[in-house]
Amino acid sequence: MAVKKSDVNKRDMNFFTDFASASGQMGSMMTIVLVVFLALLFIEGAVFVVLILQNTFTGVQIAQLNDKMNSEEYTKKLNDYVSTNSDISTLNQEFYDISALFSQVKEQSTAKTSYLDAINAALPSDCSISNIDYADDTIKIEGGCSSYFSPLDLVAAFTKQDLFHNTQITSIEQVDLGALPPEEQAMAKKYKFVLECNIASDYTVNVSRLVDDTTAAPIADLASTTYTIGQQYSVADVATYTAADGTIYTLNRIQIDGVTLTDDAFKKIQAANTISGIISSNKEIKLYYLKGGAAS
């Protein structure tokens, strides 16, 4: 079949038209890609500049802080701060020591002659005193009597007086007089007795809060409270303690009158968050704390 020249020309024209159209689309895509690339490059450059500026600004701030920390004024303030903290710690210890001394003075009492006069005045006629001991605000009286009920009369007489408190008979024993001659048996006392009483109506409970380490430094001043004999004392909020500077301490062990409580007794007090008891003498309670964490 013969092909006309005009048909060939048309096919060539169509080819070039399609080629030109495809080239135009490719050029548009390349332009978009180039624009996107340039935009990303601009953004990265901007971010890089911002980072450089921030780094420079941070470096300037660090340099300024270093200059400030190395300055004479800052060094003086730092030394003053360290010195002040040391002074506060020293003053806290001194205040605790002074509080303890005042408490000891307050607890001291003396066996005045008025006590001996009162004992002599209250003594039944058939009683005699063989020994009187005085220690820790307690008077211990040992003697003899002809009647079993005479020591009871002595207790009743002491109860009426304001000088004596918590009076009790610790023992009444019959004396074996069989070894004595008849004439001495008639004069001898048939019973011997021991009587104890307190000569103070008020007692103090001293509570110390200390760090449980070799220093045993106080974290609070000594708290001293006066109670009447027979009254119940109570020390609340013992499980933890927050110091004036915000430091939290946790109770680790308890010592009462020089004796450390057993684990069971400690855990009961820790759970109740309170120490309590009945006053019959002065009490020295020391609460030992650990800084921060839970008790061991």
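Residues numbered from 1 in each chain as written. Predicted model: local features only at pLDDT ≥ 70, side-chain atom pairs only at ≥ 80, totals over all residues. Heavy atoms only, no water.

S.K.: How do you make sense of the side chain of R209 when you look at a structure like this?
M.R.: Within the secondary structure, R209 is located in strand β5 (residues 202–211). Buried within the structure, R209 lacks any salt-bridge partner; its nearest side chain of opposite charge belongs to D237, at an N-O separation of 6.8 Å. A polar atom in the side chain of R209 sits 3.5 Å from the backbone oxygen of D237. Setting aside chain neighbours within four positions, we find R209 in contact with A217, P218, I219, A220, A236, D237, V238, T240, Y241, L287 and Y289. (Helix = DSSP H or I, 4+ residues; strand = E, 2+ residues; numbered from the N terminus. Buried < 20%, exposed > 50% of the residue type's maximum accessible area, 1.4 Å probe, protein only. Lys, Arg positive; Asp, Glu negative; His and termini not counted. Salt bridge = Lys/Arg side-chain N within 4 Å of Asp/Glu carboxyl O. Polar contact = N/O pair within 3.5 Å; in protein donor to acceptor, adjacent residues only side chain to side chain. Contact = heavy atoms within 4.5 Å.)

S.K.: In this structure, what is going on with the sheet that holds strand β3 (residues 165–174)? I would like to understand it.
M.R.: In a beta sheet, neighbouring strands pair by backbone hydrogen bonds and run either parallel or antiparallel. Pairing is antiparallel in the open sheet, where four strands are placed in the order β1-β2-β4-β3. Of all strands in the sheet, those bounded by a partner on one side alone are β1 (127–135) and β3. Along the sheet, successive strands turn relative to each other by an average axial angle of 15°, direction set aside. The sheet contact formed by strand β2 (residues 138–145) and strand β4 (residues 191–198) spans eight bridges and is antiparallel. By the bridge assignment, E142 is partnered in β4 with V194. Contacts from helix α4 (residues 150–160) reach β1, β2, β3 and β4 within the one sheet, and its direction differs from that of β4 by about 15°. (Pairing = 2+ DSSP bridges. Axes fitted to C-alpha atoms, helices over the stretch in contact; angles between N-to-C directions.)

S.K.: Looking at this model, I keep getting lost on the nonpolar core. Mind explaining?
M.R.: General note: in soluble globular proteins, nonpolar side chains tend to be found buried as a group. Ranked by internal contacts, the top residues of the largest apolar core, which has 22 residues, are V238, I254, I275, I285 and L287. At the level of elements, β5, β7 (232–236), β9 (248–256), α6 (263–272) and β12 (283–291) are the ones that each hand at least two residues to this core. Judged by nonpolar contacts, the second largest core, of 19 residues, contains I139, C145, A157 and C197. (Core = buried A, V, L, I, M, F, W, Y, C linked by side-chain atoms within 4.5 Å.)

S.K.: Teacher, can you tell me more about the packing of helix α3 (residues 113–122) against α4 here?
M.R.: To characterise two packed helices, one gives the angle between the axes of the helices and the distance between these axes. Their axes nearest at 9 Å, the elements α3 and α4 cross at an angle of 135°. The orientation of α3 with respect to α4, classified from their angle, is oblique. The two elements α3 and α4 meet at a crossing, and its hand is right-handed. In this structure, α3 uses A118, I119 and A122 to contact α4, whose residues at the interface are L154, A157 and F158. The class makeup of the residues in the contact of α3 with α4 is six nonpolar, no polar and no charged. (Parallel < 35°, antiparallel > 145°, perpendicular 65-115°, else oblique. Left-handed = near helix turned anticlockwise from the far one by under 90°. Nonpolar A, V, L, I, M, F, W, Y, C, P; charged D, E, K, R; others polar.)

S.K.: Sorry, what's going on with a nonpolar patch on the surface here?
M.R.: Among the surface-exposed residues, I32, V36, L40, F42, I43, V47 and L51 lie close enough to one another that they form a single nonpolar patch of about 700 Å² accessible area. Within the fold, I43 resides in helix α1 (residues 5–70). The class of I43 is partly exposed, set by a relative accessible area of 47%. (Patch = residues over 30% accessible without salt bridge, like charges linked within 9 Å, V, L, I, M, F, W, Y side chains within 5 Å. Areas by Shrake-Rupley, 256 points an atom, 1.4 Å probe, with all protein chains shown as cover.)

S.K.: How should α3 be read in this particular structure?
M.R.: Note that an α-helix has 3.6 residues per turn; residues three or four places apart therefore point the same way. Along α3, the residues classified as buried are Y115, A118, I119 and A122. Mapping the buried residues of α3 onto a view down its axis gives an arc of 100°, with all of them on the same face. Those residues of α3 that are exposed and aimed more than 90 degrees away from the buried face are T113, D117, N120 and A121. (Arc of directions from axis to C-beta.)

S.K.: What exactly am I supposed to notice about the packing of aromatic side chains here?
M.R.: For any pair of aromatic rings, the description rests on two quantities: the centre-to-centre distance and the angle between the ring planes. Counted according to the given criterion, the structure contains five aromatic pairs. Where Y148 meets Y191, the ring centres are 5.6 Å apart and the plane angle is 75°; that geometry is what we call edge-to-face. On the criterion of sequence distance, the pair formed by Y148 in the loop between β2 and α4 and Y191 in strand β4 is long-range, its members being 43 residues apart. Using a relative accessible area of 39% as the deciding quantity, one classes Y148 as partly exposed. (Phe/Tyr/Trp six-rings, centres within 6.5 Å; stacked < 30°, edge-to-face > 60°.)

S.K.: Before we go on, may I ask you to explain unusual backbone geometry in this structure?
M.R.: Generally, phi is negative for residues other than glycine and the peptide bonds are trans, each holding for most cases. In this structure, A216 is a non-glycine residue whose phi angle is positive, near 50°. For A216, a relative accessible area of 27% puts it in the partly exposed group. Of note in the backbone geometry, D257 takes a positive phi value of approximately 55° without being a glycine. You can see D257 is positioned in the loop between β9 and β10 (259–260).

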